[in-house]
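Survey of secondary and tertiary structure
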Amino acid sequence: MMMMMGETWSQLGSLIATAMFLWAMFDKYFPHHLRSLILSHTKKLTSFVYPYIQIKFPEFTGEYLKRSEAYAAIETYLSSKSSSEAKNLKAVVVKDSSQPVQLSMDENEEVTDEFEGMKVWWGVKKIPRRTQSFSFYPEMEEKRYYKLTFHKSHRETLCGKYINHVLQEGKAITVRNRQRKLCINNPSQNWGGYRSTKWSHVTFEHPASFDTLAMDSKKKEEIINDLIKFSEGKEYYAKIGKAWKRGYLLYGPPGTGKSSMIAAMANYLNYDIYDLELTTVKDNTELRRLLIETTSKSIIVIEDIDCSLDLTGQRKKKKEQEKDEEKKDPASKMAKGEEESSSKVTLSGLLNFIDGLWSACGGERIIVFTTNYVEKLDPALIRRGRMDKHIEMSYCGFESFKVLAKNYLDVDSHELFATIDRLLEESDMTPADVAENLMPKSQNEDAETCLKKLIEAIKTAKEEATKKVEEEARLKVEKEEKEKQEATQEDVKVDESLAKDVKENGVDVVKDDKTLGKEVKENGVTA
């Protein structure tokens with residue numbers, strides 16, 4: 001019996017070795033077209049007895065070895081399953097991610113997944129390079145791909161809904177895990193170098209949130225609801241035929257929290273921030289090129305837009321005035337040449353940037369303008385549809401103060417709150433100034449000390465504001481009196497000049513009358 005078993009295994013081994021030898025000879029020496037024809041017919045025959053379908057997702061696509069977005073999304077989607085089910089794992093370093101190391105299954109591993117009750121199998125395979133070749137873009141040593149296997153009865157559902165679900169979920173996980181960026185535009189002369197980019201970035205780590213923002217609670221709730229509606233409105237914007245973007249205008253005095261509001265919006269939505277410095281943009285074409293380089297899920301910010309460029313109706317008058325000055329002083333033209341060359345962005349170009357055809361390149365973007373003087377901006381720039389929501393960042397009120405007191409002193413109520421409430425109604429103090437006075441400067445300062453310090457600061461600010469108003473009123477009266485005196489002096493000068501003219505003209509009239517009488521006497525009545 002043992003001898004028969006040994007002979008059987010020996011024959012089986014010989015058979016397997018023969019089959020492997022024949023397969024190697026077939027794979028290496030058969031003509032390619034003949035080999036393909038045989039393999040295609042073989043697959044057709046096996047499909048009658050093998051009821052499974054396989055789909056391959058290669059790692060690289062195109063001749064320049066660009067990594068497939070589908071492969072990366074599948075790798076991210078399967079990461080959690082791979083770490084819990086696969087025995088052989090591979091660590092992948094992910095750039096700009098809060099989880100810099102991502103685990104994925106190694107070659108020849110397999111994990112399972114379920115979708116609407118249907119079971120599928122995912123595996124990683126590799127194809128070694130067949131031949132050596134010289135190229136400026138050489139092939140990878142091994143080509144990897146994900147292989148999806150499922151029963152052919154589930155073909156319609158899995159080929160459509162499931163694959164789309166995997167890709168979308170993989171991209172969503174990547175967005176959730178990414179390190180958010182704070183970007184600034186590079187000058188255009190730095191765009192052409194090797195590996196140069198139009199935007200430079202650092203990791204965005206600003207801690208501001210709506211919980212810590214000094215603002216009326218109802219106003220904050222209104223802004224949060226607006227942001228949620230926008231971020232979930234992809235289908236709605238497509239339905240109404242508008243680009244998926246929204247404009248916010250933040251205006252108010254310095255120190256009222258405009259920059260903190262932008263950071264809170266970015267943290268709430270998990271968006272990147274693009275800080276656009278208009279003064280480094282040479283013309284409208286560069287502005288458009290910067291726009292198309294921004295990504296979705298981002299906030300494009302132009303701070304102090306009234307100072308960034310001359311975008312008001314006074315631009316034409318200003319240019320005419322500069323031309324007159326250049327005629328008088330030609331040397332000034334050369335001095336201003338470089339400055340003029342870097343500020344050719346027009347109001348029309350900026351409007352097209354935020355609301356024209358180019359604004360529809362990409363989606364899920366928020367555009368934010370900030371200004372200290374909203375009255376200086378051209379109405380066409382901030383109308384609804386461009387700046388959809390106008391948010392006034394005002395002086396600190398009592399509701400804002402309570403948020404700051406909780407943030408800085410961890411105090412919800414105090415006997416001094418009533419005094420502070422009354423003083424804030426009578427004076428204007430920015431949240432930045434209130435926060436500075438509430439912040440303890442030493443270990444010995446407690447909540448009551450800081451609150452008393454704030455009361456004194458508000459009283460001082462109120463006195464200074466009163467003095468300023470009185471000084472402005474005094475200067476206004478002096479200016480009016482000066483103008484009256486100048487007007488009176490001007491009237492006196494006019495009267496003296498008129499009297500002089502009358503005196504001179506009167507002598508001439510007398511002389512003319514004497515001459516006329518003499519002529520009449522000599523020539524008679526007919527004269």
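First things first, this report covers the structure right here in the doc. Residue indices follow the written sequence of each chain, beginning from 1 at its first position. Per-residue local features of the predicted model are confined to residues with pLDDT of at least 70, and side-chain atom pairs are confined, for both listing and counting, to 80 or more; whole-chain, interface and lining totals are unaffected and use all residues. Water and hydrogen atoms were dropped before computing side-chain values, which therefore reflect all heavy atoms in the structure.

**What about the sheet that holds strand β10 (residues 199–203)?**
- Think of it this way: DSSP has to see at least two bridges between two strands before they count as a pair. We count a stretch as a helix when DSSP gives it H or I for four or more residues in a row; a strand needs E for two or more, and each element gets its number in order from the N terminus. Across the sheet, which stays open at both edges, the seven strands sit in the order β10-β9-β12-β13-β14-β11-β15 with mixed pairing between neighbours. Sheet topology places β10 and β15 (389–392) at the edges, where each strand pairs with a single neighbour. Within the sheet, the average angular offset between the axes of one strand and its neighbour, ignoring direction, is 20 degrees.
- Note that strand β11 (residues 245–251) and β15 share four bridges and pair parallel. In the strand pairing of β15, Y248 is matched with K389.
- The contact rule is simple, with two residues in contact once any of their heavy atoms fall within 4.5 Å. Throughout, an axis means a line fitted to C-alpha atoms (over the contacting stretch in the case of helices), and angles, computed between N-to-C directions, take values from 0 to 180 degrees. Against the sheet, helix α6 (residues 217–231) touches β11, β14 (365–371) and β15, its axis set at about 155 degrees to β15.
- Here helix α8 (residues 258–269) sits on the sheet in contact with β11, β12 (272–275), β13 (298–302) and β14, set at roughly 170 degrees to β14.

**Describing the packing of helix α9 (residues 284–292) against helix α13 (residues 347–355)**
- Taken N-terminus to C-terminus, the directions of α9 and α13 make an angle of 15 degrees; their axes are 9 Å apart at the nearest point. Relative to α13, the element α9 lies roughly parallel. You can see that α9 and α13 cross each other, and the crossing is right-handed. Taken together, the residues of α13 that come into contact with α9 (itself represented by N284, L287, R288 and L291) are G349, L350, N352 and F353. The labels follow the angle: roughly parallel below 35 degrees, roughly antiparallel above 145, roughly perpendicular from 65 to 115, and oblique for the rest. Left-handed describes a crossing in which the near helix is turned anticlockwise from the far one by less than a right angle; the clockwise case is right-handed.

**A look at empty space enclosed by the protein**
- Only protein atoms enter the calculation, which uses a 1 Å grid: trapped sets of points that fit a 1.4 Å probe without letting it out are cavities, open sets showing protein on both sides within 12 Å along at least five of seven lines are pockets, and any residue with an atom within 4 Å of a point is a lining residue. Grid points are joined across faces, edges and corners, and a volume is the space filled by probe spheres set on the points. One pass over the structure, following the stated rule, counts one cavity of 30 Å³ or more.
- Polar here means any residue outside two lists: the nonpolar Ala, Val, Leu, Ile, Met, Phe, Trp, Tyr, Cys and Pro, and the charged Asp, Glu, Lys and Arg; Gly therefore counts as polar. For the lining of the largest cavity, a count of residues per class yields four nonpolar, three polar and two charged.

**What to know about a negative patch on the surface**
- A patch consists of residues exposed above 30% relative accessible area that lack any salt bridge, with like charges linked at up to 9 Å and nonpolar side chains (Val, Leu, Ile, Met, Phe, Trp, Tyr) linked at up to 5 Å. All accessible areas in this document rest on Shrake-Rupley with a 1.4 Å probe, and a residue is counted as covered only by the protein chains that are shown. A pair is scored as a salt bridge if a Lys or Arg side-chain nitrogen falls within 4 Å of a carboxyl oxygen belonging to Asp or Glu. His is not counted, nor are the chain ends; Lys and Arg add positive charge and Asp and Glu add negative charge. The atom standing in for a charge is NZ when the residue is Lys, CZ when it is Arg, CG when it is Asp and CD when it is Glu. A surface patch of like charges, here negative, comprises E480, E481, E483 and E486.
- The topology assignment puts E486 in helix α18 (residues 447–523).

**Looking at the nonpolar core**
- Here, nonpolar core refers to any group of buried Ala, Val, Leu, Ile, Met, Phe, Trp, Tyr and Cys residues whose side-chain atoms link them within 4.5 Å. Only protein chains enter the accessibility calculation, which uses a 1.4 Å probe; a residue whose area is less than 20% of its type maximum is buried, one above 50% is exposed, and one in between is partly exposed. Grouped together as the largest cluster of nonpolar side chains are 28 residues, with contacts concentrated most on F210, L227, M261, M265, I299, I366 and V368.
- Listed by contribution, the elements that provide at least two residues to this core are α6, β11, α8, β13 and β14.
- Of the residues forming this core, the biggest block, seven residues, is contributed by α8.
- With near-sequence residues (within four places) excluded, F210 lies in contact with K220, I223, I224, L227, M261, A264, M265 and Y268.

Scope: geometric values only; no functional claims are made or implied.
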